[in-house]
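Descriptive structure summary
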There are 4 protein chains.
Amino acid sequence: MQGSTAPPLIIESLQGDFDMTFRAGVVGAAGFAGIEAVRLLLGHPDFELVCATSDANAGVRIDEMYPALRGSTALEFTKNADADLGSLDVAFLAVPHTAAMSVAPALIDAGTVVIDLSADFRLKDPDVYAKWYSTPHTEVALLEKSAFGLPEIKGEEIRRAAGLYASGESVLVACAGCYPTATSLAAAPALIGNLVKEDALIVADAISGVTGAGKRACERTHFCFANENLEAYGVTTHRHTPEIEQILEIPNRLVFTPHLAPLNRGLLSTVTIPIDAGLAQGIATTEDFVSLYKDFYKASPFVCVLDAGKQPRTASVIGTNNAQIGLSYNSQLGVLVAVCAIDNLGKGAAGQAVQCANIVFGLPQAAGLSNIAKAI
Amino acid sequence: MQGSTAPPLIIESLQGDFDMTFRAGVVGAAGFAGIEAVRLLLGHPDFELVCATSDANAGVRIDEMYPALRGSTALEFTKNADADLGSLDVAFLAVPHTAAMSVAPALIDAGTVVIDLSADFRLKDPDVYAKWYSTPHTEVALLEKSAFGLPEIKGEEIRRAAGLYASGESVLVACAGCYPTATSLAAAPALIGNLVKEDALIVADAISGVTGAGKRACERTHFCFANENLEAYGVTTHRHTPEIEQILEIPNRLVFTPHLAPLNRGLLSTVTIPIDAGLAQGIATTEDFVSLYKDFYKASPFVCVLDAGKQPRTASVIGTNNAQIGLSYNSQLGVLVAVCAIDNLGKGAAGQAVQCANIVFGLPQAAGLSNIAKAI
Amino acid sequence: MQGSTAPPLIIESLQGDFDMTFRAGVVGAAGFAGIEAVRLLLGHPDFELVCATSDANAGVRIDEMYPALRGSTALEFTKNADADLGSLDVAFLAVPHTAAMSVAPALIDAGTVVIDLSADFRLKDPDVYAKWYSTPHTEVALLEKSAFGLPEIKGEEIRRAAGLYASGESVLVACAGCYPTATSLAAAPALIGNLVKEDALIVADAISGVTGAGKRACERTHFCFANENLEAYGVTTHRHTPEIEQILEIPNRLVFTPHLAPLNRGLLSTVTIPIDAGLAQGIATTEDFVSLYKDFYKASPFVCVLDAGKQPRTASVIGTNNAQIGLSYNSQLGVLVAVCAIDNLGKGAAGQAVQCANIVFGLPQAAGLSNIAKAI
Amino acid sequence: MQGSTAPPLIIESLQGDFDMTFRAGVVGAAGFAGIEAVRLLLGHPDFELVCATSDANAGVRIDEMYPALRGSTALEFTKNADADLGSLDVAFLAVPHTAAMSVAPALIDAGTVVIDLSADFRLKDPDVYAKWYSTPHTEVALLEKSAFGLPEIKGEEIRRAAGLYASGESVLVACAGCYPTATSLAAAPALIGNLVKEDALIVADAISGVTGAGKRACERTHFCFANENLEAYGVTTHRHTPEIEQILEIPNRLVFTPHLAPLNRGLLSTVTIPIDAGLAQGIATTEDFVSLYKDFYKASPFVCVLDAGKQPRTASVIGTNNAQIGLSYNSQLGVLVAVCAIDNLGKGAAGQAVQCANIVFGLPQAAGLSNIAKAI
């Protein structure tokens, strides 16, 4: 696959040609983001899932551990070391941070496209990484070449990655985290549109379902502690803070507070954005902001900006790669409140990873991502 | 479409040919079963959803009421009276009982295949219907011609319906209810295999998520009453009792108790079946029953019989048309406990309806029903 | 009871004397706040519940509608018009806004202490009321005499009310709303301590369980719509905004966004407060703020300020009148994030009402409010 | 306390006398049943909680681990070995099975009343214990002297224990398990009333909230696996089967299937009981059974038999020691369906333990157990 110089449009025309199916693997496939990547790849018309690794569950059939997948795959989890990862066209890394850094180089050397769902290559400044993750970054050269995976906002990075792939060069995409995705989608049009009060603090209060806390069984994820409870966590210290500041280019201006609520999937980020009335000439009502946002996202198949008066429901996007955004502008306070709903495992993790891979491989962005959310 | 004499195989070969897409409508589309039918039809390769009726919501865009469908359809709900139902190839009736009886005849006269999700045509004996539904059956002639829609058990009826369709004759399929589907799938192989103690009572205790209680907002469906609560209802009086007795041919032998639990979708039926050791020669262990059940369902793409020691989880089948069955045989008591999990809106309603329509129209059973459940 | 000149301490000494039990009634007792008031009064040592009104449910036994109360009361709901409300020592009004305005005057005239859980007497400025509630205030004179019921912050008002009662004068307490209570408890010590950046916006993002949406069965409160969903509502327009601004004396400085999450009870308010380092001399760490808050609430039996590094869980306060507060100060941003957890029906409604009544009647604040939350 | 010969009535009259408070401890207090016992004892007027042991959490303040208890206790968990258990008047054992067997003898020797919440002393026949718990019973002598703790059905045993205590003799009460309590309360009046078809199978399908699965964090108790899911478990092999058969004296006649549903607390047992019309002369309607059951439980303050047509809701009994029972008799099938709702941690564990202790110590049965369930 590597080495092709075919531009995206021509590759698109090959869709459905069985011989052109790309060989895909998921590294760290037994976790929640990993198994969602597995699910999406099993239903993807252009990627063929050929391996799913999990050192802890090697030898176990995937559908034994996750019986929802019965009838969809006969694969077993394999050990990382046993998987012929280098033979893959694309590897999705759903391993914890630091593990991705150690797995990626060999894949890159083998010419495999790496789509990293971990945090290891998200922060452009290795010192910032070292500070927030309490460990030095060991792959700075690779970091510098990586593309950030949030196509609606960092389109130029992912397009550049597609170009590299088309030129036969190595590609690593660091997909945005769940909170950064929702928060940035909510805030980017106002900030990029230069409507925000200079130096003003941006406040993002976000709420996540429990899949966001991961598969590890502990008190936090115990049903009886999580159910019928609300709590904030990582207050003023959550690692997604510098990532959001980087995406939105608002260094030292973000107050980010994540919360846990009793549901499986779903993430809602409510972002309070002080608007500079002087800068925002002619943008004075909620409807104006809705127009601006709709225009900003007009080419994005996954982002839906709701009309004034509507608020997004996380239930509307579960199981999909969609985001829905609601806007309310209070002219008296001069504040825009933008609320974005995503599926933390979809657009917040595996969906976005597949979307990024689609773009890199010249496929339609929505290939394999067109399932319809349950209406109820 | 009607009038074609093409046998199923040839129709199958036409799949994907746009001109051969069948025109489908959902009558009573705003309810939970109706909107799930809408969702399935929107993603179906061979049916095109051309109308969705709801007298109460006529003029409202479907995706305004159910924002999960944004981007998937621009249709509005229409009034029944305004819809050109007669122009449809197939109409899915998701209206309350008695309403289906009044809608069906005109559709049948117009040559439209009717797939009825209501209870109106399920009970073969109109007197039994009158007794349990407290209203006389007004379409006895149509009732006599109808086919019962539970393909894994009543395959001959649905195949006959397909034959009628192929011959250009009218077709009405009365799809099995949610509890009858799960309960019958759990019990049928033992009963049809003639292993059950003669005249012994069969006890089915089933649990449903709250979508089973329907869309009407009332105390029963109020979050704060349903959440953190378990209760039985319709004890010894639930209308699905005679339907299950009819399917399994066990008149006056079923004790059926449904329960409500705090989840959206999912239905689990636990059926306790006294086995006659004399009849069940050579079938003496759970493994033996598993083999028998696997054999019984070997041609059914939607039914998965789990190995001994495994129990089904409703979460594994949500959003799909799948059923999973777990078996435990207690030889000391001479009792088989068979547990079946389905999605009450999937195999228990809209999924089964689409499956039945697929068969009638000569399509693969699983057309439009191949989505993969979320693993988590 | 009225007309006594006994100061609080002496009344306290009479606790447990059966003859001194005060006659209490709940007006609008069938709603969620009303029935929680009923529950608390049934277990209160000093108030005797003698009537519970509900026009819609008159004649129904309370424990028929709410079977959790079986064995605790044999009372029936009565019509407002049929209840001898004037014979009560105290009436708890749990009716919708505008209804309280119409019920209160006659009670006051009859010498009954009115503890109002509605919004009718919360906003001191009738024009503000008229603006936010879209109806003129019809009892301005009574409004002027009313006391605001949030004892930890507006202690002087409730103490004044106690004095009026002791002098035989009429008393109306307008209890703070659920969001205002949690938000104000989180912000008050910093604001009253004069540590907050002048004119800076305060952002309060709060999350409530579904009991906060009330007993009315509608789509919002339907289990299947509320479950597995997160959403914001009333964004920039919620009526609790002016109430919080009034309590905290921050006119036109509050951005308040409430959210709904899938649990029955519980309310968490996360308040982001810009600190003025110049004003906050010597208060430079989270620990410093914890000390300040602990000192502020040292006389309050219901407010628990958690040590640095701890965050409150709503589950810890369910069924009680307690509030728990967690604090995090980010010195780089100069921002304090204060999170307060309450039970919206407890400290956010009926618990606070009983607490206010206790103070007015000279009882210990915690009388009847000492139940221990379930640890799990 | 031990050695007193005061009969119950006189001890009752001492209630509230501080000097007569009994010293109580909870062994294994950090688990769910243990911490519920802690909560009940903290609010009990006659028992003083003086120690709470947990080897795994020794040195941790109880309210640090369970912040709902802040303000209610300053105790720390202690190691079993460090606790002066022998100085207790009563020890509640909330340790896993086999651990109770090893802890109890020393307590008994020290004259401490042992209230065991584990399974170790429930099965009267040590061989049955050995078979179902896969370990020999090591305290057969103590087993023989133990009383079974299910006062509504085994009143004579618990009264005998009270007599022993009054005589200064040692007392061990083996409290019934959660499923056995609900199932037996549902079935006992019909069986003890001799109305049941001889040798007929009794089918009990029960559903429990996740606290029933215990505090250990594992896949089963992980929020994301338990939420939005229903499943059966331990089918035909659950250890509560022989316990129920023993209580009801129906050896080898019970088919018991427990299920897990997504809620914290609550247990519902639906018991299908074939009635012998010949034996049940004059008991031919649901109303007749309701009368019979009401009469059976007329002296039991905790059991409420609902009128015909009503079904119990687990939400109505949460946090209490109450049980509610609904009955439906189908005369055509000759079957009684009895449904019992309890709080698995209340009447199913800690509440029942406190009730048993109350009886043993001559206190009113309901001492410390009179809290009112939340109506919503």
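Not measured: the values here are computed from a predicted model.

Points about helix α10 (residues 240-248) of chain D
Residue pairs three or four apart in sequence face the same way in an α-helix, which turns once every 3.6 residues. All names here are of chain D. Most of α10 sits inside the fold, with eight of its nine residues counted as buried. Those residues of α10 that sit buried are His240, Thr241, Pro242, Glu243, Ile244, Glu245, Ile247 and Leu248. Tucked inside the fold, the buried residues of α10 contact α5 (126-133), β6 (147-149), α8 (178-192) and β10 (254-260). Among the residues trailing α10, Glu249 stands out with phi positive, at a value near 55°.

Observations regarding the state of the cysteines
With the rule as written, the count across this model stands at zero disulfides over all chains. Here Cys224 of chain C is not disulfide-linked; the sulfur of Cys218 of chain B is the nearest cysteine sulfur, at 10 Å. What makes Cys224 of chain C buried here is its relative accessible area of 3%. This cysteine, Cys51 of chain D, is not joined by any disulfide, and Cys175 of chain D carries the nearest cysteine sulfur, 17 Å off.

A short note on the packing of aromatic side chains
Within the structure shown, the criterion is met by 46 aromatic pairs over all chains. Geometrically, the ring pair formed by Tyr129 of chain A and Tyr133 of chain A is stacked, given 4.9 Å between the ring centres and 15° between the ring planes. Placement of both Tyr129 of chain A and Tyr133 of chain A in helix α5 (residues 126-133) is noted, with a separation of four residues, approximately one turn of the helix. The pair formed by Tyr129 of chain A and Tyr133 of chain A is uniform in burial state, with each residue classed as buried. Ring geometry for Phe225 of chain A versus Phe32 of chain D: centroids 6.0 Å apart, planes at 55°, classification tilted. Residue Phe225 of chain A is located in helix α9 (residues 223-226), and its partner Phe32 of chain D is located in helix α2 (residues 32-42); the two belong to separate chains. Ring-pair connections join several aromatic residues into one group, and the members of that group are Phe22, Phe47, Phe92, Tyr165 and Phe361 of chain A. A cation over an aromatic ring shows up here: Arg220 of chain A above the ring of Tyr233 of chain A, its NZ or CZ 4.5 Å from the ring centre.

As for the sheet that holds strand β6 (residues 147-149) of chain C
Residue and element names in this part refer to chain C. The strand order β3-β2-β1-β4-β5-β7-β6 describes an open sheet built from seven strands, whose pairing is parallel. In this open sheet, the two edge strands, each paired with only one partner strand, are β3 (77-78) and β6. Pairing geometry for strand β1 (residues 22-27) and strand β2 (residues 47-53), over six bridges, is parallel. Counted as the bridge partner of Arg23 is Glu48 from β2. Packed onto the sheet, helix α7 (residues 155-166) meets β1, β5 (113-116), β6 and β7 (172-175) and runs at close to 120° relative to β6.

A word on the packing of α8 of chain D against helix α11 (residues 286-296) of chain D
Angle between the axes and distance between the axes are the two parameters that describe a pair of packed helices. All names here are of chain D. Between α8 and α11, whose axes approach to 10 Å, the crossing angle comes to 100°. Judged by the inter-axis angle, α8 sits roughly perpendicular to α11. In this structure, α8 uses Leu185, Ala186, Ala187, Ala188, Pro189, Ala190 and Ile192 to contact α11, whose residues at the interface are Leu292, Tyr293 and Phe296. A class-by-class count of the residues in the contact of α8 with α11 yields ten nonpolar, no polar and no charged.

Comments concerning the relation of the copies chain B and chain A
The operation relating chain B to chain A is a screw motion whose rotation component is 180°, with 0.0 Å of axial translation and a residual RMSD of 0.0 Å. Overall, the copies show the geometry of a two-fold rotation axis. Among all residues of chain B, the minimum C-alpha distance to the rotation axis is found for Asn371 of chain B, at 4.1 Å. Looking at chain B, 100% of its interface residues are interface residues in chain A too, so the copies touch through the same face.

What about the side chain of Lys154 of chain A?
Residues and elements named next belong to chain A. Positionally, Lys154 belongs in the loop between β6 (147-149) and α7 (155-166). Judged by relative accessible area, which is 11%, Lys154 ranks as buried. Excluding residues within four positions of it along the chain, Lys154 makes contact with Phe148, Gln246, Ile247 and Glu249.

Points about helix α12 (residues 346-360) of chain C
Residue and element names in this part refer to chain C. For α12, built from 15 residues, the straight-helix expectation of 21 Å at 1.5 Å per residue is missed by more than 12%, its first-to-last C-alpha distance being only 18 Å. A maximum bend of about 50° is found in α12 at Gln352. Most of α12 is tucked away: 15 of the 15 residues are buried. Following α12 by one or two positions, Gly362 has its phi on the positive side, about 75°.

Quick word on the interface of chain A and chain C
On the chain C side, the residues contacting the 42 residues of chain A number 42 residues. Of the roughly 3,800 Å² buried between chain A and chain C on both sides combined, carbon and sulfur atoms contribute 62%. Taken together, the connections running from chain A to chain C amount to two salt bridges. For Arg313 of chain A, the salt bridge is made with Glu231 of chain C, and the minimal N-O distance between the two is 3.1 Å.

Side note on the nonpolar core
Core analysis: the largest hydrophobic core is formed by 202 residues, its most contacted members being Phe92, Ile273 and Tyr293 of chain B together with Phe92, Ile273 and Tyr293 of chain C. Dropping the residues within four chain positions of it, Tyr293 of chain B is found in contact with Leu185, Ala186, Ala187, Pro189, Ala190, Ile273, Val305, Ile325, Leu327, Leu336 and Ala338 of chain B. In this structure, Leu41 and Tyr165 of chain A together with Cys178 and Val210 of chain D belong to the second largest nonpolar core, which totals 200 residues.

Remarks on the interface of chain B and chain A
For an interface, size is often stated in terms of accessible area lost upon the parts coming together. Counting residues at the interface gives 30 residues for chain B, matched by 30 residues for chain A. Taking both partners together, chain B and chain A bury about 2,600 Å²; carbon and sulfur atoms supply 63% of that area. Area buried by chain B at its contact with chain A is led by Ile372, Lys374 and Ile376 of chain B, which between them contribute 27% of it. Joining chain B to chain A, the criterion identifies two salt bridges. Put simply, Glu64 of chain B and Lys310 of chain A hold a salt bridge, and the shortest N to O gap is 2.6 Å. For the pair chain B and chain A, the number of links is ten residue pairs in polar contact (both at pLDDT 80 or more). Considering every element that reaches the side of chain B that touches chain A, the biggest residue donor is helix α2 (residues 32-42) of chain B, with four residues.

Description of the sheet that holds strand β11 (residues 267-274) of chain D
All names here are of chain D. The mixed open sheet is built from seven strands, whose spatial order is β9-β10-β8-β11-β14-β13-β12. Single-partner strands in this sheet number two, and they are β9 (231-232) and β12 (303-305). As paired elements, strand β8 (residues 202-208) and β10 share seven bridges and run parallel to each other. Residue pairing for β10: Ile202 is matched across the bridge by Leu254. Across the sheet, α8 lies against β8, β10, β11, β12, β13 (323-330) and β14 (335-342), angled at about 35° from β11, the strand it touches most.

Some remarks on the environment of Cys175 of chain A
Residue and element names in this part refer to chain A. Position of Cys175 relative to the elements: it lies in strand β7 (residues 172-175). In the structure, Cys175 is positioned 136 residues away from Arg39 in sequence and 18 Å away in space, judged by C-alpha atoms. When near neighbours in sequence (up to four residues on either side) are disregarded, Cys175 contacts Ile115, Asp116, Ser118, Arg122, Gly149, Ala353 and Cys356.

The rules behind the values
Residues numbered from 1 in each chain as written. Chains lettered and ligands numbered in written order. Predicted model: local features only at pLDDT ≥ 70, side-chain atom pairs only at ≥ 80, totals over all residues. Heavy atoms only, no water. Buried < 20%, exposed > 50% of the residue type's maximum accessible area, 1.4 Å probe, protein only. Helix = DSSP H or I, 4+ residues; strand = E, 2+ residues; numbered from the N terminus. Contact = heavy atoms within 4.5 Å. Disulfide = S-S within 2.5 Å. Phe/Tyr/Trp six-rings, centres within 6.5 Å; stacked < 30°, edge-to-face > 60°. Lys NZ or Arg CZ within 6 Å of the ring centre and 35° of its normal. Pairing = 2+ DSSP bridges. Axes fitted to C-alpha atoms, helices over the stretch in contact; angles between N-to-C directions. Parallel < 35°, antiparallel > 145°, perpendicular 65-115°, else oblique. Nonpolar A, V, L, I, M, F, W, Y, C, P; charged D, E, K, R; others polar. Least-squares fit on C-alpha atoms with pLDDT ≥ 70 in both. Expected span 1.5 Å × (residues − 1). Bend = angle between axes of the 7 residues up to and from the residue. Buried area = accessible area lost by both parts, 1.4 Å probe. Salt bridge = Lys/Arg side-chain N within 4 Å of Asp/Glu carboxyl O. Core = buried A, V, L, I, M, F, W, Y, C linked by side-chain atoms within 4.5 Å. Polar contact = N/O pair within 3.5 Å; in protein donor to acceptor, adjacent residues only side chain to side chain.

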